[in-house]
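# Chain and residue survey
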Amino acid sequence: MKKASSKPKETVFSVDDGYVKMFLRGRPIMMYIPTTQKETYSLEAKAELPAQKLKLEWVYGYRGRDCRSNLYLLPTGEIVYFTASVVVLYNVEEQHQRHYLGHNDDIKCLALHPDMVTIATGQVAGTSKEGKQLHPHVRVWDSVSLNTLHVIGTGVFDRAVSCLGFSKSNGGAYLCAVDESNEHILSVWEWQKEHKVAEVKSSNESVLASVFHPMDSNLIITCGKNNILFWTMEGNVLSKRQGLFEKHEKPKYVLCLAFAENGDVLTGDSSGNIYIWGKGGNRISHAVQGAHDGGVFGLCVLKDGTIVSGGGKDRKVILWDRDYHKVEEKEIPEIFGPVRTVTQGKDESLFVGTTRNAVLHGSFSTDFSTVVQGHSDELWGLDSHPSMAQFLTAGQDKLIHLWDTATHQPLWSKFIEDAACSAGFHPSGTVVALGTLTGKWMVFDTETKDLVTVHTDGNERISVMRYSPDGNYLAVGSHDNFIYLYAVTENGRKYCRNGKCSGHSSFVTHLDWSSDSHYIVTNSGDYEILCWDSANCKQVTSAETVRDIEWATSTCVLGFQVFGIWPEGSDGTDINAVCRSNNKKILATADDFGKVLIFSFPCCQPRAPAHKYGGHSSHVTNVAFLHDDSVLISTGGKDTSIMQWRVV
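Residue numbers restart at each chain and count upward from 1, following the sequence in its written direction. Reporting in this predicted model follows two pLDDT cut-offs: at least 70 for local features of residues, and 80 or more for side-chain atom pairs to be given and counted; totals over whole chains, interfaces and linings ignore these cut-offs and use all residues. Hydrogens are left out, water is left out, and the side-chain values use all remaining heavy atoms of the structure.

## Digging into the overall build of the protein chain
Note the following rule: Labels follow the DSSP assignment, with helices taken as runs of H or I lasting at least four residues and strands as runs of E lasting at least two, numbered in each case from the N terminus. Burial classes follow relative accessibility: with a 1.4 Å probe on protein chains only, a residue under 20% of its type's maximum area counts as buried, one over 50% as exposed, and anything between as partly exposed. Residue contacts are defined here by distance: any two heavy atoms, one from each residue, within 4.5 Å place the two residues in contact. Positive residues here are Lys and Arg, negative ones are Asp and Glu, while His and the chain termini are left out of the count. Here the site of a charge means NZ on Lys, CZ on Arg, CG on Asp, or CD on Glu.
When helices and strands are tallied, the protein chain shows two helices and 56 strands. Seen through its principal axes, the protein chain has C-alpha atoms that stretch 85 × 55 × 50 Å. Counting every position in the protein chain, which comprises 648 residues, the buried fraction comes to 59%. For the protein chain, restricting intrachain contacts to residue pairs at least 6 apart in sequence, the fraction spanning at least 24 positions comes to 47%. Separation between the mean location of the 62 positive side-chain charges and that of the 74 negative ones in the protein chain comes to 4 Å.

## Some words on unusual backbone geometry
A cis geometry characterises the amide bond from Phe601 onward to Pro602, with omega recorded as -5°. Of note, Glu194 is a non-glycine position whose phi angle comes to about 55°, a positive value. The topology assignment puts Glu194 in the loop between strand 17 (185-190) and strand 18 (195-201). Unlike most non-glycine residues, Asp629 shows phi in positive territory, near 65°. Tracing the backbone shows Asp629 in the loop between strand 54 (620-625) and strand 55 (631-636). Among the residues examined, Asp629 registers a relative accessible area of 12% and is labelled buried.

## Details of the sheet that holds strand 7 (residues 86-91)
Threshold: Each pair of strands is called paired provided DSSP finds at least two bridges between the two strands.
If you trace the four strands from one edge of the open sheet to the other, you get 5-6-7-8, paired in antiparallel fashion. At either margin of the open sheet sits one strand with a lone partner, and together these are strand 5 (72-73) and strand 8 (96-100). Pairing of strand 7 with strand 8, which is carried by five bridges, proceeds in the antiparallel orientation. Within the sheet, the bridge partner assigned to Val87 lies in strand 8 and is Tyr100.

## Quick look at the sheet that holds strand 38 (residues 409-415)
Let me state the cut-off plainly: The axes are straight lines fitted to the C-alpha atoms, using for helices just the contacting stretch, and the angles between their N-to-C directions are given from 0 to 180°.
What the four strands build is an open sheet, ordered 35-36-37-38; its pairing is antiparallel. Since the sheet does not close on itself, it has two edges, and those belong to strand 35 (379-384) and strand 38, each with one partner. Within the sheet, the average angular offset between the axes of one strand and its neighbour, ignoring direction, is 15°. Both strand 35 and strand 36 (residues 390-395) contribute to a ladder of five bridges, which runs antiparallel. Across the sheet, the residue bridging to Gly381 is Ala394, located in strand 36.

## A few points about the confidence of the model for the protein chain
Let me state the cut-off plainly: Per-residue confidence from the prediction method is given by pLDDT, with values spanning 0 to 100.
On average, residues of the protein chain score 96 in pLDDT, and 99% of them are at 70 or above. Within the model, pLDDT remains below 50 along residues 1-5, and this stretch shows zero contacts once partners closer than five positions in the same chain are excluded.

## A word on the environment of Ala287
With respect to the helices and strands, the residue Ala287 is situated in strand 26 (residues 284-288). For Ala287, a relative accessible area of 22% puts it in the partly exposed group. Those residues in contact with Ala287 that lie beyond four places of it in its chain are His248, Ile274 and Tyr275.

## Examining the packing of aromatic side chains
Going by this rule: Whether two aromatic rings pair depends on their centres lying within 6.5 Å, for rings of Phe, Tyr and Trp, where Trp uses its six-membered ring; planes under 30 degrees apart make the pair stacked, over 60 edge-to-face, and the rest tilted. Lysine NZ or arginine CZ positioned within 6 Å of the ring centre and within 35 degrees of the ring normal marks a charge as sitting over the ring.
A complete count under the given rule lists 21 aromatic pairs for this structure. Note on Tyr100 and Trp141: the rings are 4.2 Å apart at their centroids and 5° apart in plane angle, and the pair reads as stacked. Of this pair, Tyr100 sits in strand 8 while Trp141 is found in strand 13 (residues 138-142), placing the two residues 41 residues apart along the sequence. Both rings, one in Phe482 and one in Tyr484, keep their centres 6.1 Å apart while their planes meet at 70°; by these two values the pair is edge-to-face. Lying over the aromatic face of Trp380, Arg461 brings its terminal NZ or CZ to 5.3 Å of the ring centre. Here the basic side chain of Lys500 rests over the ring of Phe482, its NZ or CZ set 3.8 Å away from the ring centre.

## Remarks on the pattern of salt bridges
Stated formally: Criterion for a salt bridge: a side-chain nitrogen of Lys or Arg within 4 Å of a carboxyl oxygen of Asp or Glu.
Taken as a whole, this structure holds 25 salt bridges when the rule is applied. With a shortest N-O distance of 2.7 Å, Glu57 and Arg646 are connected by a salt bridge. Here Glu57 is found in strand 4 (residues 54-60), whereas its partner Arg646 is found in strand 56 (residues 642-647), with 589 residues between them in sequence. With a relative accessible area of 31%, Arg646 lands in the partly exposed category. As a salt-bridge pair, Glu329 and Lys316 come within 3.1 Å of each other at their nearest N and O atoms. With Glu329 in strand 30 (residues 326-331) and Lys316 in strand 29 (residues 316-320), the pair connects residues that are 13 residues apart, well separated along the chain. A relative accessible area of 34% places Glu329 in the partly exposed class. Salt bridges sharing common partners tie together Glu10, Glu568 and Arg607.

## Things to note about the pairing of strand 27 (residues 296-301)
Where strand 27 meets strand 28 (residues 307-311), five bridges bridge the pair, whose relative direction is antiparallel. What sits directly across from Cys300, in strand 28, is Val308. Remark: five residues form the turn of the hairpin made by strand 27 and strand 28, two consecutive strands paired antiparallel; Gly305 in that turn has positive phi of roughly 90°.

And the structure:
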């Protein structure tokens, strides 16, 4: 059997017939050249980089759903936390963010040095665009200058670094880390020398925290599934003692650790108990049974020695005095989910991170207000408002947010019954249509967030919802291979099905309308480009008609005006979305390698050059320019984050 040649086929230009043919996975994709460009077009012409660049302005979201102890207040007045591959330093009072962008994939843990300036963050193993393995490692950096000071453990850690802690008593000279290998290796580093002092297999079960005792830099406590371990370091040897539960209930998970003023160790566990382990020992000296209904996810000892605990199932934040008597409690609203971590703010205030990826600020004597909000599951639905500095996101967490780009807060949020995956504003801006994973789609009033109408087409994912520029039609693109076309009246309040466009042999992925609202162009999962007449839902096959249609938007990833976005050897699935600026000068793409790229538009030379931006960690799912092109919004898939980029 002859081995298939691995060299991708080159793009072909036919002068006579006026088309360019490119190949994805060996499949030919035919794209017709507009009459005005037919005579002058050449494949050899050089594409220019765009004059504009992007600057990361704001990051929406926080990673609380599966990470812990990752929220702290710095002396600068900023809170520090992470989401995707960005560490955010956010001054809530001044409404200003700074970003540490040294990581190239998901950050999993964060530790603050006793000097309150130096920060260590650990990341997962990643894959570069070329398919190279990117090693998990720890970066130690300065939170004032944002300069990277040290990169530790490249090639040593396996899978990911999941826990980090600085020593306290020897000037913070040591850093301990636990990775996600099967043995969860615990290692200790003299981080300023980038030298590993000791390492040991810590546990076959998951480890959720590893911290140095504040009074003894040779004592480390780790906790996780089925255990709490006390490690003593002598020279380069770490030896352990197991925590003994004796007559007390042994929990499935020890979830969090903190230290009382006198050096006692406090633990919160999955059974809702808080245990106090006498200083230096491995036995329980005091127990608060049933401190919470459900797990105790966070513990924080305040400057005055009192203790705050955060609950999972009961969503409560509880204040305890130094003798572990309950003083008062507050419940976190259900929309934000269980408490994940608690940290002290200014004076008596607290910052609370939740498992639904929100950060709240408040105190026992005042209410809690939201500081950070986001999504907590894959995020694909995105559209920008046609005339205001707003955008809407719709996630598989069944949550919709209409965001204001100036305040960086939702104007409103709403839970719906189904996981959402696509969104489109009516040109008037008065209503917005949402598609879900179940074939159901709905329309909401953008002012009142009231439901206007609900329809169902097929029973598969609705991948695209797009109104015609004149507002008289709505096209609904589905994973069942059809495009359902609706006549829209009463300014987006009434919908009547006109028909369906049938002809794709795979699921519909992208869709654009012509400027005159007469035609639709669609892309599908098997790289087809089909054109349709909106009056009768019939396919338009005449090359002469198709080549000169002016398209109102450019969100299809396949087409003559955009085919330069595809890198060599691409498999056709690694660009998820594309969006043209309204002034038709630049084109932004969202790809599977965590990158947002911007190209000059039109982008019709093979493998055009681009400016590239990192920040997302998993695939970037969607991109959209604001109506005035001042800002680009991008959404993340598994990282669930939203990034706002200033176009400069």
